[in-house]
2 protein chains.
Amino acid sequence: MPKTVDHAERREQLAAALWRLVVREGVEAASLRRVAAEAGWSVGSLRHYFDTQGELLRFAMELVVRRVTDRIAKLPPDPDRQAAAANLLHQFLPLDADRRAEMEVWLAFASRALVDPSLRELRDEAHAAVRGVCRRAVEPLGAPRPELEAERLHALVDGLAQHAIVAPDVTTPDRQRELLAAHLESLAQVREVR
Amino acid sequence: MPKTVDHAERREQLAAALWRLVVREGVEAASLRRVAAEAGWSVGSLRHYFDTQGELLRFAMELVVRRVTDRIAKLPPDPDRQAAAANLLHQFLPLDADRRAEMEVWLAFASRALVDPSLRELRDEAHAAVRGVCRRAVEPLGAPRPELEAERLHALVDGLAQHAIVAPDVTTPDRQRELLAAHLESLAQVREVR
């Protein structure tokens, strides 16, 4: 009987090894050679799955999208509208080691996509998906211009996440939560004023 | 008499050549070889000034900081506080080809700084300088928590600028101005409500 290889399982092993490496040493450590070593594979075996650093980075980004999507799907409902919105948006902020690693992958991926057109479709999908979650967070708050508010919230969240990476001592997890809560509170006020 | 070289003037020539290249072809085009060709220099001559791609990128970033600082210093006063704040913040948004090139340099530089510690001091200075301008924009608006509002505005501006690069057809210059104006208007409302 020929030896069969479960490619889906092999990819999951790879994903797990890649993720351990990124969380422990940052996205710059995730070279083909290092990921192969972490997974206990030869570089040659890894090249059956990814031939270039760009393809490996795409795999990492797909993993980030899946991780965030899974967390959002599992969020318990919250009757407080601002808390429910915050719960959604916290999934995009680097509030712990895993989410920080996700953000590093996203920044590296978005930066690479500026010079590698083959990555742009996934980048644009991820950007649009975050925008969609911002819409979902904003609409129950009842602000009068939901599409504009979703865009404003999306910019705020991406800017905050960027600052948390650039200046982690200032834009701490607590400060990220506080700034986001202040923003959501101001959206509720817009509704009350107008 | 020995031939003297005006290093300041030579650096200005280099800066001009680098800038033409970045505006025309993007920051990824700004290799040592391409910048030398654009300036009409040999790569060897250029290497008297920059030995590595990282040093060239640092020079480009210093140029961006100088360009933005000069524009802000020359802004005419505006008696309308929200308009005055918008005028300041428009200097950080990619609203035209030059500011788009500045933003591309900043993103490339910030991304490189994540893996090159020698670039972090300048990155942190630039980040702190933008924060300072956000403070200056926010304070006259009279919102009750100026430091928090400066941070929130800073995150919004950086997020908007990022979106304008990632999704220029959606986050157009007009849309960037509109979103920023809505944010400044909401800051003025906070004052009125409380």
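Before reading on, note that the structure itself is shown above.
Below is a short write-up of the structure. The structure displayed is predicted, hence computed values, not measured ones.

Focus: the packing of helix H5 (residues 81-89) of chain B against helix H7 (residues 120-138) of chain B
Residues and elements named next belong to chain B.
So, point 1. Closest axis-to-axis distance for the H5/H7 pair is 9 Å, and the angle between their directions is 170°. Between H5 and H7, the angle is such that the two are roughly antiparallel. In this structure, H5 meets H7 at a crossing whose hand is left-handed. Together, Ala85, Leu88 and Leu89 of H5 and Val133, Cys134, Arg136 and Ala137 of H7 make up the contact between the two elements.
So, point 2. Of the residues in the contact of H5 with H7, the class split is 6 nonpolar, no polar and 1 charged.

Focus: the layout of surface pockets
So, point 1. In this structure, the largest pocket spans a volume of roughly 970 Å³.
So, point 2. Looking at the largest pocket, it is lined by 38 residues, and the ones nearest its centre are A:Ser111, A:Arg112, B:Ala108, B:Ser111 and B:Arg112.
So, point 3. Sorting the residues of the lining of the largest pocket by element identifies helix H4 (53-73), helix H6 (97-113), helix H7 (120-138) and helix H8 (146-166) of chain A together with helix H1 (7-25), helix H4 (53-73), helix H6 (97-113) and H7 of chain B as the ones contributing at least two each.
So, point 4. Ranked by residues supplied to the lining of the largest pocket, first place goes to H6(B) with 6 residues.
So, point 5. Tallied by class, residues from the lining of the largest pocket come to 21 nonpolar, 5 polar and 12 charged.

Quick word on the pattern of salt bridges
So, point 1. Under the defined criterion, the tally for this structure stands at 34 salt bridges over all chains.
So, point 2. Taking the shortest distance from any N to any O, the salt bridge between A:Arg152 and A:Glu149 comes out at 2.9 Å. Note that A:Arg152 and A:Glu149 are positioned in helix H8 at a spacing of 3 residues, about one turn of the helix. Both residues of the pair, A:Arg152 and A:Glu149, count as buried.
So, point 3. Linking B:Glu25 and B:Arg24 is a salt bridge whose minimum nitrogen-to-oxygen distance equals 3.3 Å.
So, point 4. On the basis of relative accessible area, B:Glu25 is assigned to the partly exposed category, the value being 34%.
So, point 5. It is possible to trace a salt-bridge network through shared partners that takes in A:Arg20, A:Arg24, A:Glu25, A:Arg34 and A:Glu38.

Here we look at H7(A)
So, point 1. Between its terminal C-alpha atoms H7(A) stretches 27 Å, which fits the 27 Å expected from 19 residues at 1.5 Å a residue.
So, point 2. Looking at H7(A), one finds that the buried residues are A:Leu122, A:Arg123, A:Ala126, A:His127, A:Val130, A:Arg131, A:Val133, A:Cys134, A:Ala137 and A:Val138.

Topic: the side chain of B:Arg175
So, point 1. Assignment of secondary structure puts B:Arg175 in helix H9 (residues 173-193).
So, point 2. For B:Arg175, a relative accessible area of 18% puts it in the buried group.
So, point 3. Beyond its immediate stretch of four places on either side in the chain, B:Arg175 contacts A:Glu147, A:Leu148, A:Glu151 and B:Val170.

Quick look at the interface of chain A and chain B
It is common to give the size of an interface as the accessible area that goes away when the parts come together.
So, point 1. Listed as interface residues are 38 residues of chain A and, on the opposing side, 38 residues of chain B.
So, point 2. Summing both sides of the interface, chain A and chain B together bury roughly 3300 Å²; the carbon and sulfur share of this comes to 59%.
So, point 3. For the chain A face of the interface with chain B, the top three residues by lost area are A:Arg152, A:His163 and A:Val166, together amounting to 18%.
So, point 4. If you look at where chain A meets chain B, you find 4 salt bridges.
So, point 5. The partner of B:Glu151 in a salt bridge is A:Arg175, and the shortest N-O contact between them spans 2.7 Å.
So, point 6. Our enumeration of links across chain A and chain B arrives at 13 residue pairs in polar contact (both at pLDDT 80 or more).
So, point 7. Within the residue set of the side of chain A that touches chain B, elements represented by two or more residues are H6, H7, H8 and helix H9 (173-193) of chain A.
So, point 8. Broken down by class, the residue content of the side of chain A that touches chain B amounts to 16 nonpolar, 10 polar and 12 charged.

Overview of H4(A)
Residue and element names in this part refer to chain A.
So, point 1. Compared with the 30 Å implied by 1.5 Å per residue over 21 residues, the 30 Å span of H4 between its first and last C-alpha is a close match.
So, point 2. Among all positions in H4, only Gly54, Leu56, Leu57, Phe59, Ala60, Met61, Leu63, Val64, Val68 and Ile72 are buried.
So, point 3. For H4, the elements touching its buried residues are helix H1 (7-25), helix H2 (32-39), helix H5 (81-89), H6 and H7.

Overview of the relation of the copies chain A and chain B
So, point 1. Here chain A sits on chain B after a turn of 180° about the axis and a move of 0.0 Å along it, with an RMSD of 0.0 Å. Taken together, these values place the two copies in the relation of a two-fold axis.
So, point 2. Counting the interface residues of chain A, we find that 100% of their copies in chain B are interface residues as well, pointing to one common contact surface.

What counts as what
Throughout this description, residue numbers start from 1 for each chain and increase along the sequence as written. Lettering of chains starts at A and numbering of ligands starts at 1, both following the order in which they are written. Two thresholds apply to this predicted model, a pLDDT of at least 70 for residue-level local features and 80 or more for giving and counting side-chain atom pairs, whereas whole-chain, interface and lining totals are computed over all residues. Only hydrogens and water are set aside; all other atoms, that is, all heavy atoms of the structure, feed into the side-chain values. To obtain each axis, a line is fitted to C-alpha atoms, and for helices this fit is confined to the stretch in contact; angles are then taken between N-to-C directions over 0 to 180 degrees. Only DSSP runs of H or I reaching four residues or more are called helices, and only runs of E reaching two or more are called strands; each is numbered from the N terminus. An angle below 35 degrees is treated as roughly parallel, one above 145 as roughly antiparallel, one from 65 to 115 as roughly perpendicular, and anything else as oblique. Here a crossing is taken to be left-handed if its near helix is turned anticlockwise relative to the far helix by less than a right angle, and right-handed if that turn runs clockwise. When checking whether two residues touch, look at their non-hydrogen atoms; a contact exists if any pair is within 4.5 Å. Put simply, Ala, Val, Leu, Ile, Met, Phe, Trp, Tyr, Cys and Pro go in the nonpolar bin, Asp, Glu, Lys and Arg in the charged bin, and everything else, Gly too, in the polar bin. Grid points spaced at 1 Å and placed over the protein atoms alone form the basis of the search, with a cavity being a set where a 1.4 Å probe fits but cannot get out and a pocket an open set showing protein on both sides within 12 Å along at least five of seven lines. Lining residues have an atom within 4 Å of a point. Grid points are joined across faces, edges and corners, and a volume is the space filled by probe spheres set on the points. Salt bridges are counted wherever a side-chain nitrogen of Lys or Arg sits within 4 Å of a carboxyl oxygen of Asp or Glu. Exposure is judged per residue with a 1.4 Å probe applied to protein chains only, and the accessible area is read against the type maximum: over 50% gives exposed, under 20% gives buried, and values in between give partly exposed. Expected span of a helix: the number of residues minus one, times 1.5 Å. When two parts are put together, the accessible area they lose, computed with a 1.4 Å probe and summed over both, is reported as buried area. Here a polar contact is taken to be a pair of N or O atoms separated by no more than 3.5 Å, where protein atoms must pair a possible hydrogen donor with a possible acceptor and residues adjacent in sequence count only if both atoms sit in side chains. A least-squares superposition brings the copies together, and it is based on the C-alpha atoms of residues with pLDDT no lower than 70 in both.

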